[in-house]
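Listed below are the residues making up each chain.
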Amino acid sequence: MMDELMGGEEWIEEGDEWIEEEEWIEDSWMELEKARGEKALKCSKRKSKATQKEYNSLEELKIIFEDTDNLNVEDTYGIKIKENSIIAGKHSKNNTSFKEVSVNKIKGKRFLEYVAGQIENVTGPELRLTLAFEKGYSIEVTDYSLVEEYK
């Protein structure tokens, strides 16, 4: 009986860890949900300062959106994403080709949707995030480690 109780405690601890990870994911998506439907006012990418000396340096994407939910035209809402790779591009009309463009081309486009998932590749699981904007523009993010509000 005591062994069964001890096993139950281990399961609960593992469950708490899973819940914490799930909460992080939900918080990340909450930031993207807030920005959905808003127009991108600024979009920039650069190497993250904290990791420039590392071999696998992260890139940092910052997007500033208009914040029409607050009904104050001067309010903005920003998102910062850190990841291994950022590729901005535009899909053709028939959606068969993807042409790489500067992230500055996202300026003035509404943020429509995001799709996140995990893909298995040779080196293991890889997190992918796609941010879709109007007129066929999107940003492909690989192995993101942070999605948060940027002020």
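Residues numbered from 1 in each chain as written. Predicted model: local features only at pLDDT ≥ 70, side-chain atom pairs only at ≥ 80, totals over all residues. Heavy atoms only, no water.

## Digging into the overall build of the chain
Within the chain, the secondary structure is distributed over 1 helix and 9 strands. The N-to-C order of helical and strand elements in the chain reads α-β-β-β-β-β-β-β-β-β. With 151 residues in all, the chain has 32% of them scored as buried. Taking as baseline every contact in the chain between residues at least 6 positions apart, the subset at least 24 positions apart corresponds to 55%. Summed over its atoms, the accessible surface of the chain is roughly 10400 Å², and 51% of this surface lies on carbon and sulfur atoms. (Helix = DSSP H or I, 4+ residues; strand = E, 2+ residues; numbered from the N terminus. Buried < 20%, exposed > 50% of the residue type's maximum accessible area, 1.4 Å probe, protein only. Contact = heavy atoms within 4.5 Å. Areas by Shrake-Rupley, 256 points an atom, 1.4 Å probe, with all protein chains shown as cover.)

## Notes on the confidence of the model for the chain
Taken as a whole, the chain shows an average pLDDT of 76; of its residues, 71% reach a score of 70 or greater. Note on residues 1-22: pLDDT is under 50 here. Beyond four places in sequence and across chains, it has 0 contacts. (pLDDT = per-residue confidence, 0-100.)

## Observations regarding the sheet that holds strand 3 (residues 76-83)
Read from one edge to the other, the open sheet built from 4 strands follows the order 1-2-3-9, with strand pairing classed as antiparallel. Two strands close off the open sheet at either side, each with one partner strand: strand 1 (40-47) and strand 9 (146-150). Shown here is a sheet whose adjacent strand axes are inclined to one another by a mean of 15°, direction ignored. Bridge analysis of strand 3 against strand 9 gives 5 bridges, and the strand direction is antiparallel. Paired with Ile79 across the strands is Glu149, a residue of strand 9. (Pairing = 2+ DSSP bridges. Axes fitted to C-alpha atoms, helices over the stretch in contact; angles between N-to-C directions.)

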